[in-house]
Structure formats: C-alpha cells, structure tokens
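# Structural characterization, general
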Amino acid sequence: FAALGALFILFPNVTADTLALVLGSALVAILTEPLASAYERRLNRSAAALLAILTCVGGALLLMWLLLPSLVSEFIELTKSLPASIEIVKGWMGAAANWIEGHLPGIRLPEPKMDGAQLPALAKGTIDFAGGVADLFYRLSLMFVLGYFFLCDRSRLLIRLELLVPKSMRKTAVRMGNAVCRELKLYLRGQGMIAAAVGALAAVGLALAGVRSALVLGIIVGILNMVPYFGPVIGGVPAVLAALSGGLNTALLAVFVLWLVQQIDGAWISPRIMGSLAGVSPATVLVAIFVGSALGGIVGMLFAMPAVMAFRTVFRVFVQRYENV
C-alpha cells in the first residue's frame with residue numbers, strides 16, 4: 001500500500017490512467033461474465049471468454065454500422081443548427097437585459113460571448129474532439145483485451161486478491177466483493193436498460209415534434225438520464241437548443257416531449273426495472289454527483305452512483321459482520 005501511495009504521488013497521471021484502465025477492464029469482465037459462464041457449458045474457459053467478448057464487441061460494431069451513417073449526418077446537421085439557436089438565445093438575453101435596465105437601474109445581465117473571433121477556437125476544439133474519439137477507441141480496445149484476460153483468470157485473480165487481505169478479515173472481504181459485484185451488475189444492467197428505453201422514447205418523440213437530429217439527441221438524453229436529478233436537464237439542453245432552429249413552437253413541443261418522457265420513466269420504466277434506490281438519501285446522491293463532477297466532469301457524474309452503491313454495500317456487509325461483536 002505504501003508503494004502504491006508513492007506511485008500516486010510521484011506519477012499521478014500515469015497511475016490515474018492505469019487505474020482507470022484496470023477498473024474499466026474489470027467492469028467489462030463483470031458485465032460479460034454471465035455470458036461467458038453460459039458459453040462455458042459447451043466450451044473451455046478461454047474460448048468462452050473470447051466468444052463472450054467477441055459477442056459484445058460484434059453487437060456494438062453491428063449497432064454502429066447500422067446507426068453510424070445517420071449519426072454522422074445528424075451530428076453535422078446539429079452543429080450547423082446550433083449557431084442559429086444560440087443567436088436566438090442571445091436575442092432573448094439582450095431583450096431581457098434592456099428590460100431590466102429600464103425597470104431595475106443598476107442591474108445588468110452578463111453578455112453572452114459567441115462571435116466570429118471564437119471560430120478558430122471552435123475549429124481547434126473540433127480537432128481535439130476527433131483526437132479524443134481516437135484515444136477513446138484505443139482505450140476501449142485495451143479495456144476489452146484486458147477484460148478478456150480477467151475473464152480467463154478470474155478464479156486465480158480472486159484467490160490472489162484474497163491473499164492480499166489479512167486472514168482474520170478474509171471471509172468478510174470475500175463477502176464484500178461478492179455483494180459489490182452482484183449489486184453493481186444489477187445496477188449497471190438496469191441503468192443500461194433504462195437509458196436505452198428513455199433514449200428511444202426521446203428520439204421518437206423529438207422526431208415526431210419536428211426536431212432535427214433526433215437520433216443523436218435521443219442518445220444524449222438516454223446516456224445523461226443515468227445521472228440522478230441533473231441528468232435529464234443537462235441532456236435536454238441540446239435538444240431544446242436544436243429545436244429552437246425550427247421556431248419557438250417546436251422548442252416548446254420539444255420541452256413537452258422531454259417532460260413526458262421523464263414522467264413515463266419515473267412512473268413506469270424505472271420502477272419496473274430498478275425499483276427504488278433504498279438506503280441512498282437525496283443528500284448523499286447530491287454530494288456524490290458534486291464530487292464526481294469535480295473529479296471527472298460528466299463522466300464523473302455518471303460513475304458517482306455506482307461508487308455510492310459499492311460503498312454502501314461494503315458498509316452494510318461490514319456492519320452485518322461486526323454489529324454483534
């Protein structure tokens with residue numbers, strides 16, 4: 001542990017990237033383990049693990065092949081329509097500023113900054129985004145390769161992890177690990193199903209409302225819906241901005257569609273798939289989202305709840321083990 005602490009201090013970036021790679025690979029192994037176990041009924045462990053990984057990657061590639069042309073064209077159309085929507089918002093803000101100056105002297109709204117001088121920065125941001133996408137695919141490839149080895153050696157890895165724990169606490173640590181894996185599997189699969197359902201409903205609803213790039217916007221809404229409280233709002237902003245290019249009525253209709261999707265999610269989809277997050281108070285969720293946002297932005301917000309679920313499970317097992325001591 002002292003050596004790990006020294007590595008974090010001396011090489012923070014390298015250790016953080018390595019830790020992210022290991023955790024991502026472990027997540028791949030956890031999510032594909034049921035499929036690998038099913039394949040092991042007819043195949044040896046290595047072949048079953050490889051087939052499970054290839055099934056997931058093949059499904060993802062097939063989905064990309066089917067959707068990528070539409071996604072690319074819609075993304076390009078979205079980037080073209082956003083400047084017009086931003087100009088509309090700037091006009092509203094200017095009118096609001098004039099009204100405030102006329103009725104409440106001394107109070108001024110900040111002027112939105114979006115002009116031609118920012119185009120070089122926007123172009124640089126586009127290049128950086130392309131580089132980031134390439135780096136993301138590279139890291140995902142490494143995660144799936146390492147996840148394959150985790151699947152193949154999962155029994156020996158668990159034994160080695162057990163040996164790192166003092167013998168007096170080994171039984172409790174094993175219970176904690178099994179409970180965390182079980183709850184994370186249920187949570188992540190449930191959230192994935194909810195995100196897919198919400199994203200599909202949002203995409204269909206926005207398309208019916210006449211919003212362009214509805215497929216891209218539906219994917220954004222579905223992914224960000226996994227962030228409690230703030231996710232639906234953050235995911236809805238691009239959809240409303242894109243709808244503004246079609247007029248105020250289209251934007252209002254888009255707001256109604258997003259509100260209706262959230263009502264369906266809250267009343268029917270989430271309760272039937274996930275139930276309720278019993279034991280996690282709203283204050284804990286808000287603090288977790290704040291910390292995740294500070295550490296990793298949107299990605300940190302997405303991983304905040306899994307971290308809370310894991311910590312809660314570890315604490316519950318610890319209390320059950322020692323409450324009678």
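Note: the structure precedes this text.
Right, let's get into the nonpolar core. In terms of nonpolar packing, the biggest core is built from 21 residues, with Leu206, Val211 and Leu217 touching the most fellow members. At six residues, the largest contribution of residues to this core is made by helix H9 (residues 248-273). Beyond its immediate stretch of four places on either side in the chain, leucine 217 contacts Leu78, Leu206, Val211, Arg212, Pro238, Ala239 and Ala242. One finds Val28, Ala36, Tyr148 and Cys152 within the second-largest nonpolar core, a separate group that totals ten residues.

On to the side chain of serine 213, then. With respect to the helices, strands and loops of the structure, serine 213 is situated in the loop between helix H6 (167-208) and helix H7 (214-224). On the basis of relative accessible area, serine 213 is assigned to the buried category, the value being 5%. In contact with serine 213, not counting residues within four places along its chain, are Glu74, Glu77 and Leu78.

In this structure the tally under the stated criterion is one salt bridge. A salt bridge links arginine 45 to glutamate 40; its shortest N-O distance comes to 3.4 Å. Classification of glutamate 40 as partly exposed rests on a relative accessible area of 24%.

Moving on: the side chain of serine 25. The topology assignment puts serine 25 in helix H2 (residues 12-39). Of note is the side chain of serine 25, whose polar atom sits 3.3 Å from the backbone oxygen of methionine 143. Discounting chain neighbours no more than four positions away, the residues touching serine 25 are Leu142, Met143, Leu146, Gly147 and Phe150.

Definitions and limits used
Residues numbered from 1 in each chain as written. Predicted model: local features only at pLDDT ≥ 70, side-chain atom pairs only at ≥ 80, totals over all residues. Heavy atoms only, no water. Core = buried A, V, L, I, M, F, W, Y, C linked by side-chain atoms within 4.5 Å. Buried < 20%, exposed > 50% of the residue type's maximum accessible area, 1.4 Å probe, protein only. Helix = DSSP H or I, 4+ residues; strand = E, 2+ residues; numbered from the N terminus. Contact = heavy atoms within 4.5 Å. Salt bridge = Lys/Arg side-chain N within 4 Å of Asp/Glu carboxyl O. Polar contact = N/O pair within 3.5 Å; in protein donor to acceptor, adjacent residues only side chain to side chain.

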